[in-house]
Amino acid sequence: MKIQQLQKILSTFVVLLSSFLALSVSAQEPKELNLYSARHYQTDEALYSDFTKKTGIKINRIEADDNALAERLKSEGANSPADVILMVDAARLWRAQIDGFFKPIQSPYLESRIPANLRSKPDAEGSTWFGFSTRARLVVYNKAKVNPQDVDTYEKLAEPVNKGKICTRSGAHPYMLSLVGAMIERRGEVATEEWAKGMVANMARPPRGGDTDQIKAVASGECGVALTNSYYLVRLLRSTKPEDQEIVSKIGFIWPNQKTSGAHINIAGGGVAKNALHPQAAIQFLDYLASDSAQEYFANGNNEWPAVKSVKIENEGLKMLGSFKAENISVAAIGKNQIAAQRLLDRAGYK
């Protein structure tokens, strides 16, 4: 039997055993789970259905963006029915931790599956949140207008050669805050603020729109270069729509900082809610998200990389991106730096 097959069987066995033990410990706990999720991907339906099929636990789901979920959790307080909270981006997870939305847990399975740099820094009570999938911050450029050697690091984007070429999201968006938080961690605030000022000086237009908007603006020639999360690009690469393929034909992409720090990595993740009504079911669900079957789904269903390194990827779009050197910085540290990042961007005039 191949090693990968054995790992998959073992992973499934551990999840089922976890489910059995949890039910034995808490036989009176109803077989349901209240999930608050900022993941807005329709493809996650199959993920939740698979969990219910494996465990018999019904998922009651509330979906909203991260800010709306945070406001809801604040207003509900100790009366919140949430069992599990899923959020996108390290900055948002760290903020939810600081706001007291999570309950620390100890799960040997999660700790063995999720790398230490992709989860919160543990204390005596355990970890508060875990990353279950990753995405990278790529550079996309207009092949007709930009020399790729001028944009092959995040730092070069702020150099004078790229004046009038840069497009990005708002400086207040968590994707930017996390990137800047990572730069603060490895370069310090002074150097990062100079970089931010250079980015502002090089803008083709004021920051606006989402990552897909940035890619389209690069393809149209409105911008020469932009930043995007990897899964937005993979969606276009996998699309069969003629208009999407036309966009893809006009752009190139770069893994930044391959000779230095590596490409910036971020996560989607979650944890057990502080006042969970069904804590055992909540831990079962998080354990399930770290299983091979769920990890494969993150990759093949939603164009994200699995957090568990041993999981095999079958997504042709991800394969088209190729291999790359990833940044090795704790996402917990990135999240912690978000306040400094926002102040720095404000000082630089990064709208």
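Just above, that's the structure.
As a starting point, this report considers the structure included with it. Quick caveat, the model's predicted, so the values are computed rather than measured. (Residues numbered from 1 in each chain as written. Predicted model: local features only at pLDDT ≥ 70, side-chain atom pairs only at ≥ 80, totals over all residues. Heavy atoms only, no water.)

**Here's the deal with the overall build of the protein chain**
In step 1: Counting secondary structure elements, the protein chain contains 15 helices and nine strands.
In step 2: For 351 residues, the compact-globule estimate of 2.2 N^0.38 gives 20 Å, and the C-alpha radius of gyration of the protein chain, at 21 Å, lies within 12% of that figure.
In step 3: Projected onto the principal axes, the alpha-carbon positions of the protein chain cover approximately 65 × 45 × 35 Å.
In step 4: Going through the 351 residues of the protein chain one by one, you find that 55% of them count as buried.
In step 5: Contacts spanning at least 24 positions in sequence make up 78% of the contacts within the protein chain whose residues lie at least 6 apart. (Helix = DSSP H or I, 4+ residues; strand = E, 2+ residues; numbered from the N terminus. Rg over C-alpha atoms; globule rule 2.2 N^0.38 Å. Buried < 20%, exposed > 50% of the residue type's maximum accessible area, 1.4 Å probe, protein only. Contact = heavy atoms within 4.5 Å.)

**Details of the side chain of D287**
In step 1: For D287, the position within the fold is in helix α11 (residues 279-289).
In step 2: No salt bridge forms around the buried D287; measuring N to O, its nearest opposite-charge neighbour R113 is 8.8 Å away.
In step 3: Polar contacts involving the side chain of D287 include one to the side chain of S107, which spans 2.9 Å. (Lys, Arg positive; Asp, Glu negative; His and termini not counted. Salt bridge = Lys/Arg side-chain N within 4 Å of Asp/Glu carboxyl O. Polar contact = N/O pair within 3.5 Å; in protein donor to acceptor, adjacent residues only side chain to side chain.)

**Some remarks on the state of the cysteines**
In step 1: The tally for this structure, following the rule as stated, stands at one disulfide.
In step 2: The disulfide partner of C167 is C223, and the S-S distance across this bridge is 1.7 Å. Residues C167 and C223 share a disulfide whose torsion about the S-S bond is about -75°; that sign makes it left-handed. Of the two residues, C167 is situated in strand β5 (residues 166-167) and C223 in the loop between α8 (211-220) and β6 (225-229); the sequence distance between them amounts to 56 residues.
In step 3: A residue is classified by how much of its surface remains accessible, and C167, at 0% relative accessible area, is buried. (Disulfide = S-S within 2.5 Å.)

**Notes on the pairing of strand β1 (residues 32-37)**
In step 1: Taking burial as the measure, the six residues of β1 include five buried ones, the bulk of the element.
In step 2: Strand direction decides the pairing type here: β1 and strand β2 (residues 58-63), joined by six bridges, are parallel. Considered in β2, the bridge of E32 is made with K58.
In step 3: Regarding topology, helix α2 (residues 44-55) serves as the crossover connection from β1 to the parallel β2, and that connection is right-handed. (Pairing = 2+ DSSP bridges. Right-handed = clockwise from strand over helix to strand, strands pointing away.)

**A short note on the layout of surface pockets**
In step 1: Empty space within the largest pocket amounts to approximately 370 Å³.
In step 2: In this structure, the largest pocket is lined by 19 residues; those nearest its centre are T134, W305, P306, K309 and F324.
In step 3: Split by residue class, the lining of the largest pocket holds eleven nonpolar, five polar and three charged. (1 Å grid on protein atoms, 1.4 Å probe; cavity = no way out; pocket = protein on both sides within 12 Å on 5 of 7 lines; lining within 4 Å. Points joined across faces, edges and corners; volume = space filled by probe spheres on them. Nonpolar A, V, L, I, M, F, W, Y, C, P; charged D, E, K, R; others polar.)

**With respect to the packing of aromatic side chains**
In step 1: Applying the stated criterion across every chain, the model contains eight aromatic pairs.
In step 2: Arranged with centres 3.7 Å apart and planes meeting at 5°, the rings of W255 and F324 form a pair that is stacked. Here W255, found in the loop between β7 (251-254) and β8 (265-272), pairs with F324, found in the loop between α13 (316-321) and α14 (331-336); they are 69 residues apart in sequence, far enough to count as distant.
In step 3: On the accessibility criterion, W255 (10% relative accessible area) is buried.
In step 4: The interplanar angle of 55° and the centroid separation of 5.3 Å between the aromatic rings of W305 and F324 together place this pair among those described as tilted. On the criterion of sequence distance, the pair formed by W305 in strand β9 (residues 305-306) and F324 in the loop between α13 and α14 is long-range, its members being 19 residues apart.
In step 5: On the accessibility criterion, W305 (11% relative accessible area) is buried.
In step 6: Here the aromatic cluster, defined as three or more aromatic residues joined through ring pairs, consists of Y48, F51, F285 and Y288.
In step 7: Sitting above the plane of the Y232 ring, R235 keeps its charged end 5.2 Å from the centroid. (Phe/Tyr/Trp six-rings, centres within 6.5 Å; stacked < 30°, edge-to-face > 60°. Lys NZ or Arg CZ within 6 Å of the ring centre and 35° of its normal.)

**What to know about the environment of K259**
In step 1: Its location among the elements puts K259 in the loop between β7 and β8.
In step 2: The exposed category is assigned to K259, whose relative accessible area is 85%.
In step 3: Between the C-alpha atom of K259 and that of D213, which follows or precedes it by 46 residues, the distance is 29 Å.

**With respect to the pattern of salt bridges**
In step 1: Summed over the entire model, instances satisfying the criterion amount to 26 salt bridges.
In step 2: Between R113 and D292 there is a salt bridge whose closest N-O contact spans 2.5 Å. Here the residue R113 occupies a position in helix α5 (residues 108-113), and D292 occupies one in helix α12 (residues 292-302), the gap between them amounting to 179 residues. Comparing R113 with D292, the two get one shared label, buried.
In step 3: As a salt-bridge pair, R347 and E189 come within 3.9 Å of each other at their nearest N and O atoms.

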